[in-house]
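A closer look at the structure
Residue strings, one per chain:
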Amino acid sequence: QVQLVESGGGLVQAGGSLRLSCVASGRISSIISMAWYRQAPGKQRELVATITSRTITNYADSVKGRFTISRDNAKNTVTLQMNSLEPEDTAVYYCNADIRTTLTLRVVNVWGQGTQVTVSS
């Protein structure tokens, strides 16, 4: 069994910064890819950023130039640095990962519980 635990959400004024972290734990053989999604009230969950095991990154157009995703493979962590935050960034942010487990060597897709980010105007 594997799990993801996020931290770092909170309330910030527009123009401010927040840093989200996500730690994977459990029977992990390797982490193939990691990502951050977000879901605002009344909206569908959307992809924010992804990073592969070779640190190839991809961003939603709405966050390019403001958000940076990074990972530490030794610590099984992924981080989302969010700068120049806007009220439109307000959402619950979810960590997501494709993880190969040690028990079966199968790849499972895992979600974290989410962390709230609120940006005030």
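Everything that follows concerns the structure shown earlier in this document.
Residues numbered from 1 in each chain as written. Predicted model: local features only at pLDDT ≥ 70, side-chain atom pairs only at ≥ 80, totals over all residues. Heavy atoms only, no water.

**A look at the sheet that holds strand S7 (residues 67-72)**
- Pairing is antiparallel across the open sheet formed by four strands, whose spatial order is S1-S3-S8-S7. Strands at the two margins of the open sheet, each flanked by one partner only, are strand S1 (2-7) and S7. When the angles between neighbouring strand axes are averaged without regard to direction, this sheet yields 15°.
- Bridge analysis of S1 against strand S3 (residues 18-26) gives six bridges, and the strand direction is antiparallel. Across the sheet, residue Val-2 finds its bridge partner in S3, namely Gly-26. (Pairing = 2+ DSSP bridges. Helix = DSSP H or I, 4+ residues; strand = E, 2+ residues; numbered from the N terminus. Axes fitted to C-alpha atoms, helices over the stretch in contact; angles between N-to-C directions.)

**Observations regarding the pattern of salt bridges**
- Tallying each qualifying case throughout the model produces five salt bridges.
- A salt bridge links Arg-38 to Glu-46; its shortest N-O distance comes to 2.6 Å.
- Taking the relative accessible area as the measure of exposure, Arg-38 reaches 5% and is therefore buried.
- For Glu-46, a relative accessible area of 35% gives the class partly exposed.
- Where salt bridges share partners, they join Arg-38, Glu-46, Arg-66, Glu-86 and Asp-89 into one cluster. (Salt bridge = Lys/Arg side-chain N within 4 Å of Asp/Glu carboxyl O. Buried < 20%, exposed > 50% of the residue type's maximum accessible area, 1.4 Å probe, protein only.)

**Some points on the nonpolar core**
- Core analysis: the largest hydrophobic core is formed by 32 residues, its most contacted members being Trp-36, Leu-80, Met-82, Tyr-93 and Ile-99.
- Of all the secondary-structure elements, those providing two or more residues to this core are S1, S3, strand S4 (28-39), strand S5 (46-52), S7, strand S8 (77-82), strand S9 (91-101) and strand S11 (115-120).
- At five residues, the largest contribution of residues to this core is made by S9.
- Excluding residues within four positions of it along the chain, Met-82 makes contact with Gly-16, Ser-17, Leu-18, Leu-20, Arg-66, Phe-67, Tyr-93 and Val-117. (Core = buried A, V, L, I, M, F, W, Y, C linked by side-chain atoms within 4.5 Å. Contact = heavy atoms within 4.5 Å.)

**Things to note about the environment of Ser-33**
- Within the secondary structure, Ser-33 sits in strand S4.
- For the pair Ser-33 and Asn-109, spaced 76 residues apart in the sequence, the C-alpha separation amounts to 9.6 Å.
- Every residue in contact with Ser-33, bar those within four places of it in the chain, is listed here: Ile-51, Thr-52, Arg-71, Asn-96, Ala-97 and Asp-98.

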